[in-house]
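Architecture and fold: a report
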Amino acid sequence: SPAFILSFCGALISTVVMGLLFQVSRYRRRYGFSIIGISIVGALTHNMIQLALAYLLLVRHSGIFLFFPWLCYGAVGMGWLTGAVAAGVCRRIESNDSPDPSSVLIQQGDTSSFSFTRYQAHTGFLHRMSPEIKISVILLLALVVLVFSSFQLFLGLFLFLALLIALSRTSPGFLVHHIRRYKILVLMAFLLPLFFNSGDRILFAYGAVSITSEGFTTGSLFALRILFLILLSGLLMRTTSPAQLTRGLSRLLYPLKILGVSEQRTAEILTLSWTAVPVLWEAARHALRRSDISTAGRIRHLVPLLSDFIAGLYVETRPDSALWTSVRDHREPATARASASDQPDIPR
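Residues numbered from 1 in each chain as written. Predicted model: local features only at pLDDT ≥ 70, side-chain atom pairs only at ≥ 80, totals over all residues. Heavy atoms only, no water.

Quick word on the overall build of the protein chain
What the protein chain contains, in helices and strands, is 15 helices and 2 strands. Out of the 348 residues in the protein chain, the part that is buried amounts to 39%. Here the contacts in the protein chain between residues at least 6 apart in sequence split such that 73% fall between residues at least 24 apart. With the model as given, the accessible surface of the protein chain reaches about 19900 Å², and the carbon-plus-sulfur share is 66%. (Helix = DSSP H or I, 4+ residues; strand = E, 2+ residues; numbered from the N terminus. Buried < 20%, exposed > 50% of the residue type's maximum accessible area, 1.4 Å probe, protein only. Contact = heavy atoms within 4.5 Å. Areas by Shrake-Rupley, 256 points an atom, 1.4 Å probe, with all protein chains shown as cover.)

Topic: the packing of aromatic side chains
As enumerated under the stated definition, the model contains 4 aromatic pairs in all. Here Y55 and F65 contribute two aromatic rings whose centre-to-centre distance is 5.2 Å and whose plane-to-plane angle is 50°, an arrangement assigned as tilted. Here Y55, found in helix 2 (residues 35–58), pairs with F65, found in the loop between helix 2 and helix 3 (68–94); they are 10 residues apart in sequence, far enough to count as distant. Classification of Y55 as partly exposed rests on a relative accessible area of 26%. Accessibility expressed as a relative area gives 37% for F65, which makes it partly exposed. Aromatic side chains F190 and F216 sit 5.8 Å apart centroid to centroid with 85° between the ring planes, which places their arrangement in the edge-to-face category. Placement of the pair is F190 in helix 9 (residues 183–196) and F216 in helix 10 (residues 213–239), with a sequence separation of 26 residues. Judged by its relative accessible area of 41%, F216 is partly exposed. For R238, the ring lying beneath its charged end belongs to F174, and the centroid distance is 4.2 Å. (Phe/Tyr/Trp six-rings, centres within 6.5 Å; stacked < 30°, edge-to-face > 60°. Lys NZ or Arg CZ within 6 Å of the ring centre and 35° of its normal.)

Brief notes about the nonpolar core
V145, L161, F228, L232 and L235 are the most contacted members of the largest nonpolar core, which has 24 residues in total. Listed by contribution, the elements that provide at least two residues to this core are helix 6 (131–147), helix 7 (151–168), helix 8 (172–180), helix 10 and helix 11 (242–252). Residue contributions to this core peak at 8 residues, all from helix 10. In contact with L161, not counting residues within four places along its chain, are F228, L231, L232 and L235. Counting 15 residues, the second largest nonpolar core, distinct from the first, contains L6, A54, I64 and A189. (Core = buried A, V, L, I, M, F, W, Y, C linked by side-chain atoms within 4.5 Å.)

Things to note about helix 11
In terms of burial, helix 11 is a largely internal element, 9 of the 11 residues being buried. Within helix 11, the full set of buried residues consists of P242, A243, Q244, L245, T246, R247, G248, L249 and S250.

Side note on the pattern of salt bridges
The final tally for this structure, using the stated rule, is 2 salt bridges. R251 is paired through a salt bridge with E132; the nearest N and O atoms lie 2.7 Å apart. Residue R251 is located in helix 11, and its partner E132 is located in helix 6; the two are separated by 119 residues in the primary sequence. Exposure remark for R251: the relative accessible area of 48% places this residue in the partly exposed category. The class of E132 is buried, set by a relative accessible area of 15%. The partner of R201 in a salt bridge is E214, and the shortest N-O contact between them spans 3.7 Å. Note that R201 is positioned in the loop between helix 9 and strand 1 (202–206) and E214 in helix 10, a separation of 13 residues in sequence. (Salt bridge = Lys/Arg side-chain N within 4 Å of Asp/Glu carboxyl O.)

Thoughts on the packing of helix 7 against helix 10
Where helix 7 contacts helix 10, the two axes come as close as 11 Å, and the packing angle between them is 20°. In terms of orientation, helix 7 and helix 10 fall into the roughly parallel class. As for the relative orientation of helix 7 and helix 10, their crossing is left-handed in sense. Of helix 10, the residues touching helix 7 (which contributes F151, F154, L157, F158, L161, L164, I165 and S168) are T217, S220, L221, L224, R225, L227, F228, L231, L232, L235 and T239. Class assignment of the residues belonging to the contact of helix 7 with helix 10 gives a composition of 14 nonpolar, 4 polar and 1 charged. (Axes fitted to C-alpha atoms, helices over the stretch in contact; angles between N-to-C directions. Parallel < 35°, antiparallel > 145°, perpendicular 65-115°, else oblique. Left-handed = near helix turned anticlockwise from the far one by under 90°. Nonpolar A, V, L, I, M, F, W, Y, C, P; charged D, E, K, R; others polar.)

What to know about the pairing of strand 1
Little of strand 1 sits out of view: just 0 of its 5 residues are buried. With 4 bridges joining them, strand 1 and strand 2 (residues 209–212) adopt antiparallel strand pairing. When the bridges of strand 2 are listed, F204 appears paired with I211. Hairpin connection of strand 1 to strand 2: 2 residues between the antiparallel strands, including G207 at a positive phi of 65°. (Pairing = 2+ DSSP bridges.)

Quick word on the side chain of S250
The topology assignment puts S250 in helix 11. Among all residues touching S250, those that are not within four sequence positions of it are E263, Q264 and A267.

Here's the deal with unusual backbone geometry
For R169, which is not glycine, the phi dihedral falls at a positive 55°. Assignment of secondary structure puts R169 in the loop between helix 7 and helix 8. We classify R169 as exposed; its relative accessible area is 59%.

A short note on a nonpolar patch on the surface
Judged by side-chain polarity, L66, L187, L191, F195, F196 and V209 come together as a nonpolar surface patch covering roughly 520 Å² of accessible area. By residue number, the principal contributor to the nonpolar patch is helix 9, which donates 4 residues. (Patch = residues over 30% accessible without salt bridge, like charges linked within 9 Å, V, L, I, M, F, W, Y side chains within 5 Å.)

Focus: the confidence of the model for the protein chain
On average, residues of the protein chain score 76 in pLDDT, and 74% of them reach the 70 mark or higher. Averaged pLDDT values for the elements of the protein chain fall to 41 in helix 15 (residues 334–339) and rise to 90 in helix 7. Within the model, pLDDT remains below 50 along residues 100–116, and this stretch shows 46 contacts once partners closer than five positions in the same chain are excluded. This model gives residues 331–348 a pLDDT under 50, and the stretch forms 26 contacts once residues within four places in sequence are excluded. (pLDDT = per-residue confidence, 0-100.)

What follows is the structure, given as structure tokens:
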């Protein structure tokens, strides 16, 4: 999805920048940064990369840079807070002073409320299609909609997508729920060109605000582009189990072997992380309910509270924890495992 592209690139580059600063601070203390300084630079890098990519790939209009100063202010503030919390988390883990995870997060076996319903088992051709083919086709279609801007092309792609959705028997309610998570992004992609795009054919004018036909056309294209990518990602989630996704990613990432990186382990990490997001969110909600947040009104109380919370979350997500056991046990729903019993090549 567009949010994944922006977040992944921002996280990747900011992590590299913070890693370089950490190495400089470690071996060249004269030019070193504290963990808070490294965090602020990482936050600035993350925001700037996302803003640049949003302009280049999604909303190619200079009006998007109106967010630049606010993103800088936010990066400095949140970078400082993240760095202070990270320092507290490191101290607690290194001193073995992290809270007891059984009292902070979830009790052993208390995972009944966690949901793994994004994948829907079925015997249709889209479910049986090779996962690497589905991933490759989605990447190709994403490239097409990012490069070309034609209403006729978008109409054809949406008709093709509607056919795939019907054949996969994906419920419209699931896709509507998936789209609602990104409604702000779609709305921004439409409104920015609508109000800030220049043009000759004015459709509406009130004072200094004017809406042109060119702005309406550009905004509609940007919104359709993002909507198409969101629907594509939702269809992949609905028709590909985590185990199949791991297999497909592993085959597509095979060139990583040249760099000495295990493509199988990389694919497993990506898939397990993707699968665990709703579980980790539920665990975080459980922890927040049990935490004493009444003292979080001041920063000097908020930082220790967050440090305790994250340290406990870190401990709870160890490979032998109840949380990860639940994730692994639910990587494929029971119905999917039963229907796939004749396919021993799919790892479980």
